[in-house]
Amino acid sequence: MKLVLLIYQEYCLRRRKESDISFHFDKTQMGEHIDENRIRSDLRYRFEYLSKYLDFTQQDVRILNSLAPILLPVLPSIVEQIYAKLYSFDITRNYFLIRHDGFQTYQTKNPKCSLLAVQTSYRKDMLSVYFQRVLMQTQWDETFLTYLSRVAEMHTVNGGSTSINVDYTHINLLLTFIQNSLTNFLWNSDQIEMKNKFDIVKTIGKLFCIQNDFFTYHYISPYKAKLSSTVPICHFTKCCFH
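From a predicted model like this one, the values you see are computed outputs, not experimental measurements.

## Structural notes on the nonpolar core
One recurring pattern in soluble globular proteins is that nonpolar side chains are buried together.
(1) Moving on: Ranked by size, the top nonpolar core spans 45 residues in total, and within it L67, I82, Y130, F131, W140, L148 and L186 carry the most contacts.
(2) Moving on: Elements with a contribution of two residues or more to this core: helix 2 (43-54), helix 3 (58-71), helix 4 (75-87), helix 6 (115-136), helix 7 (142-153), helix 8 (168-187) and helix 9 (194-220).
(3) Moving on: Residue contacts for L186: discarding those within four places in its chain leaves L67, I70, L71, I192, K197, I200 and I204.

## Quick look at helix 3
(1) Moving on: Compared with the 20 Å implied by 1.5 Å per residue over 14 residues, the 20 Å span of helix 3 between its first and last C-alpha is a close match.
(2) Moving on: Those residues of helix 3 lying buried are D60, V61, I63, L64, L67, A68, I70 and L71.

## Topic: the environment of I220
(1) Moving on: Mapped onto the secondary structure, I220 falls in helix 9.
(2) Moving on: On a C-alpha basis, the gap between I220 and Y168 in space is 9.9 Å, while along the polypeptide they are 52 residues apart.

## Regarding the packing of helix 2 against helix 9
(1) Moving on: Viewed as axis vectors pointing N to C, helix 2 and helix 9 meet at an angle of 140°, and their least axial separation amounts to 11 Å. The orientation of helix 2 relative to helix 9 falls into the category oblique. Of the two elements, helix 2 crosses helix 9, and the hand of that crossing is right-handed. Contacts between helix 2 and helix 9 involve L43, R46, F47, L50 and L54 from the first element and K206, C209, I210, D213, F214 and Y217 from the second.
(2) Moving on: Tallied by class, the residues present in the contact of helix 2 with helix 9 amount to eight nonpolar, no polar and three charged.

## With respect to the confidence of the model for the protein
(1) Moving on: Averaged over every residue, the pLDDT of the protein is 80; residues scoring 70 or more account for 68%.
(2) Moving on: Confidence, read as mean pLDDT per element, is least for helix 1 (residues 2-22) in the protein (59) and greatest for helix 3 (98).
(3) Moving on: Counting contacts from residues 103-107, a segment whose pLDDT is below 50, to residues more than four positions away or on other chains yields 21 contacts.
(4) Moving on: This stretch, residues 223-242, has a pLDDT under 50; its non-local contacts, to residues over four places away or in other chains, come to 46 contacts.

## What to know about the packing of aromatic side chains
(1) Moving on: Taken as a whole and assessed by the stated rule, the structure comprises nine aromatic pairs.
(2) Moving on: Summarising the aromatic geometry, the rings of F47 and F56 are spaced 6.1 Å apart at their centres and angled 75° between planes, so their arrangement reads as edge-to-face. Each of the two residues, F47 as well as F56, counts as buried.
(3) Moving on: One aromatic cluster is present, formed by F47, F56, Y130, F131, W140, F144 and Y147 through successive ring pairs.

Calculation rules
Residues numbered from 1 in each chain as written. Predicted model: local features only at pLDDT ≥ 70, side-chain atom pairs only at ≥ 80, totals over all residues. Heavy atoms only, no water. Core = buried A, V, L, I, M, F, W, Y, C linked by side-chain atoms within 4.5 Å. Buried < 20%, exposed > 50% of the residue type's maximum accessible area, 1.4 Å probe, protein only. Helix = DSSP H or I, 4+ residues; strand = E, 2+ residues; numbered from the N terminus. Contact = heavy atoms within 4.5 Å. Expected span 1.5 Å × (residues − 1). Axes fitted to C-alpha atoms, helices over the stretch in contact; angles between N-to-C directions. Parallel < 35°, antiparallel > 145°, perpendicular 65-115°, else oblique. Left-handed = near helix turned anticlockwise from the far one by under 90°. Nonpolar A, V, L, I, M, F, W, Y, C, P; charged D, E, K, R; others polar. pLDDT = per-residue confidence, 0-100. Phe/Tyr/Trp six-rings, centres within 6.5 Å; stacked < 30°, edge-to-face > 60°.

See the structure below:
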């Protein structure tokens, strides 16, 4: 028993020494300064901070570009899976029963072109456009960052629409679901070499972390510099989806 205790004490002492070595740092060395006010008002500055923290580089952008030939052909199927998930719970499906801005004058007697069907089709198109832009964007410049920010803002009451105010709980769940769906599809894809899959999974994770941050920012504190919308306003008077 004494031998076991001595061995344990020696083990603890060795671990303590290793810990002291591992966590030793120069207290006089300062980390990079991040302006807290700027990350709340300057979209580019905020993105650069996120990129440094996550190590999101141009290489990640190239990885996303390389996925376009693989994901774009199956994009309709991916979008359908996403909306099947949204429709699997009444609390998320109910958002599509609300008459959103741009659909106030829409009227039809055709049951196949109901308000629910038309609004859902429109939003599916917008989601497809989002994926296309993310996968094909070669430079994450101010215009593209504004687009990503606007995608987030338009789901809140601060986005210019009086009829849309999606609870962040659903946003967070949906982004995680999409990330997991894409990860599973790409990991099991025969079109990608196994040696590249780990980097792809990391890039997908960084992408959705950045997009989620833009969402949380608008939900917590509306972006002070008002961004112009890049999402077209639609005024439907008849069914144009089939």
